[in-house]
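If you want the building blocks of each chain, they are given just below.
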Amino acid sequence: MLNKCLDFALSRLGQPCLLCGADTTGSVLCPGCLADLPRLTGPRCPSCALPTPLGETCGGCLKHPPAFDATRAVFQYGYPLDALLQHYKYGQDLQLAGFLAEQLTSQIDTRPDLVIPMPLHPRRLKERGYNQAGEIAKRLAKQLDLPVTLTACTRAKDAPPQASLPLKERRKNIRGAFECRADLSSKRIALVDDVMTTGASLSELAKVVKKAGAVEVGAWVVARTLPMR
Ligand SMILES: [Zn+2]
Ligand SMILES: [Zn+2]
């Protein structure tokens, strides 16, 4: 047992930083690269976490209020975090899940009743081998000592990738994509995803979760895409 622990510690010791290759002391990033990650700071829309001058609700949320009640986001989706998240999503590198969960955990000061990750369609799950949001959610729930379920909600429709579509199309594209079989009566739910782009998917999932009885739904994401200026 001791040998195993030692092996693990030694294997992590010489681990190069995932972004620059420098030596790290048991972390996935060196301190310099960690400091370079684009953190979201300053006043933000309470609904969707987009920066607004005084922290008021943004125009988009006023026009089309999302089905979730609030958003927590740690980073702005941009260099070099985009590279890290791409690596996490497609590189089979699950050690990043713990790191990303830790980053998200540090932003959380509420105690929902249940954590639910953005579900992946079974076909995508088979392709990739894991649900990247699910792996973050599991670790985050463990760190916060909260219950988590990966089976209450499913993605029934394998919609075309949202990335290629404008906002209006995204809402249409994702409609009816999720199903929730659990009874979530009077529960406060935290939905977890790696990136929120327009929020259309998370809003659709929140709608389904509220239909299942949830009274309050938060969206917890590692990164938020900001519109181009
Ligand atoms: Zn580095
Ligand atoms: Zn907003």
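Since the model is a prediction, treat every value here as computed from it, not as a measurement.

### As for the coordination of the zinc ion (ligand 2)
Distances from the zinc ion (ligand 2) to its protein donors, namely Cys45 (SG), Cys48 (SG), Cys58 (SG) and Cys61 (SG), fall within the range 2.3 Å. Around the zinc ion (ligand 2), the 4 donor atoms are arranged such that angles at the metal cover 104 to 116°; this shape is classified as tetrahedral. We note that the donor set of the zinc ion (ligand 2) lies within a single chain, spaced as C-x2-C-x9-C-x2-C. Taken together, the positions of Cys48 in the loop between α2 (31-36) and α3 (59-63) and Cys58 in the loop between α2 and α3 put the pair 10 residues apart, joining distant regions of the chain. Just as Cys48 is buried, Cys58 falls in that class too.

### Let's talk about the packing of helix α8 (residues 167-174) against helix α9 (residues 200-211)
Axis separation between α8 and α9 bottoms out at 9 Å; the angle between their running directions is 35°. Between α8 and α9 lies a crossing of right-handed hand. Taken together, the residues of α9 that come into contact with α8 (itself represented by Arg170, Arg171 and Ile174) are Ala200, Ser201 and Glu204. The class makeup of the residues in the contact of α8 with α9 is 2 nonpolar, 1 polar and 3 charged.

### Notes on the domain arrangement of the chain
When its domains are assigned, the chain resolves into domain 1 (1-36) and domain 2 (41-224). Between domain 1 and domain 2, the C-alpha centre-to-centre distance is 28 Å. Counting residues at the interface gives 8 residues for domain 1 and 8 residues for domain 2. Both sides together, the interface formed by domain 1 and domain 2 hides about 690 Å², and carbon and sulfur atoms give 75% of it. Applying the counting criterion to the domain 1 and domain 2 interface returns 0 salt bridges. Where domain 1 meets domain 2, there are 1 residue pair in polar contact (both at pLDDT 80 or more).

### Quick look at the coordination of the zinc ion (ligand 1)
In this structure, Cys17 (SG), Cys20 (SG), Cys30 (SG) and Cys33 (SG) serve as the protein donors to the zinc ion (ligand 1), at separations of 2.3 Å. Each of the 4 donor atoms bound to the zinc ion (ligand 1) contributes to angles spanning 106 to 116°, and the resulting shape is tetrahedral. In the primary structure, the donors to the zinc ion (ligand 1) are separated according to the pattern C-x2-C-x9-C-x2-C. Of this pair, Cys20 sits in the loop between α1 (2-13) and α2 while Cys33 sits in helix α2, placing them 13 residues apart in sequence. Its relative accessible area of 45% is what places Cys20 among the partly exposed residues.

### Brief notes about the side chain of Arg128
In this structure, Arg128 sits in helix α6 (residues 122-128). Within the buried core, Arg128 has no salt-bridge partner, and the shortest N-O distance to an opposite charge, that of Glu127, equals 6.1 Å. Polar contacts involving the side chain of Arg128 include one to the side chain of Gln132, which spans 2.5 Å. Beyond its immediate chain neighbours, meaning those up to four positions away, Arg128 contacts Lys89, Tyr90, Gln92 and Leu120.

### With respect to the confidence of the model for the chain
For the chain, mean pLDDT is 90; residues scoring 70 or higher make up 91% of the total. For residues 5-12, every residue scores under 50 in pLDDT, and the model assigns this stretch 5 contacts once sequence neighbours within four places are set aside.

### Things to note about the pattern of salt bridges
A full pass over the atoms with the stated rule returns 9 salt bridges. The salt bridge partner of Glu135 is Arg139, with a shortest N-O separation of 2.8 Å. With Glu135 and Arg139 both in helix α7 (residues 132-144), this residue pair falls 4 residues apart, about one helical turn. Overlapping salt bridges, with partners in common, bring together Glu135, Lys138 and Arg139 in one network.

### Things to note about the sheet that holds strand β6 (residues 216-224)
Sheets are built from strands paired through backbone hydrogen bonds, the pairs being either parallel or antiparallel. Pairing within the open sheet is parallel, and its 4 strands lie in the order β1-β6-β5-β2. If you trace the sheet from one side to the other, it starts and ends with β1 (70-76) and β2 (114-117), each paired once. Shown here is a sheet whose adjacent strand axes are inclined to one another by a mean of 20°, direction ignored. The pairing of β2 with strand β5 (residues 188-196) spans 4 bridges and is classified as parallel. Counted as the bridge partner of Pro117 is Val192 from β5. Its contacts with the sheet put α7 on β2, β5 and β6, and the angle it makes with β5 is roughly 130°.

Calculation criteria
Residues numbered from 1 in each chain as written. Chains lettered and ligands numbered in written order. Predicted model: local features only at pLDDT ≥ 70, side-chain atom pairs only at ≥ 80, totals over all residues. Heavy atoms only, no water. Donors = N, O, S within 2.8 Å, 3.2 Å for Na, K, Ca; no water. Tetrahedral: all angles 85-135°; square planar, octahedral: opposite > 155°, others 65-115°. Helix = DSSP H or I, 4+ residues; strand = E, 2+ residues; numbered from the N terminus. Buried < 20%, exposed > 50% of the residue type's maximum accessible area, 1.4 Å probe, protein only. Axes fitted to C-alpha atoms, helices over the stretch in contact; angles between N-to-C directions. Left-handed = near helix turned anticlockwise from the far one by under 90°. Contact = heavy atoms within 4.5 Å. Nonpolar A, V, L, I, M, F, W, Y, C, P; charged D, E, K, R; others polar. Domains from an automatic or database assignment. Buried area = accessible area lost by both parts, 1.4 Å probe. Salt bridge = Lys/Arg side-chain N within 4 Å of Asp/Glu carboxyl O. Polar contact = N/O pair within 3.5 Å; in protein donor to acceptor, adjacent residues only side chain to side chain. Lys, Arg positive; Asp, Glu negative; His and termini not counted. pLDDT = per-residue confidence, 0-100. Pairing = 2+ DSSP bridges.

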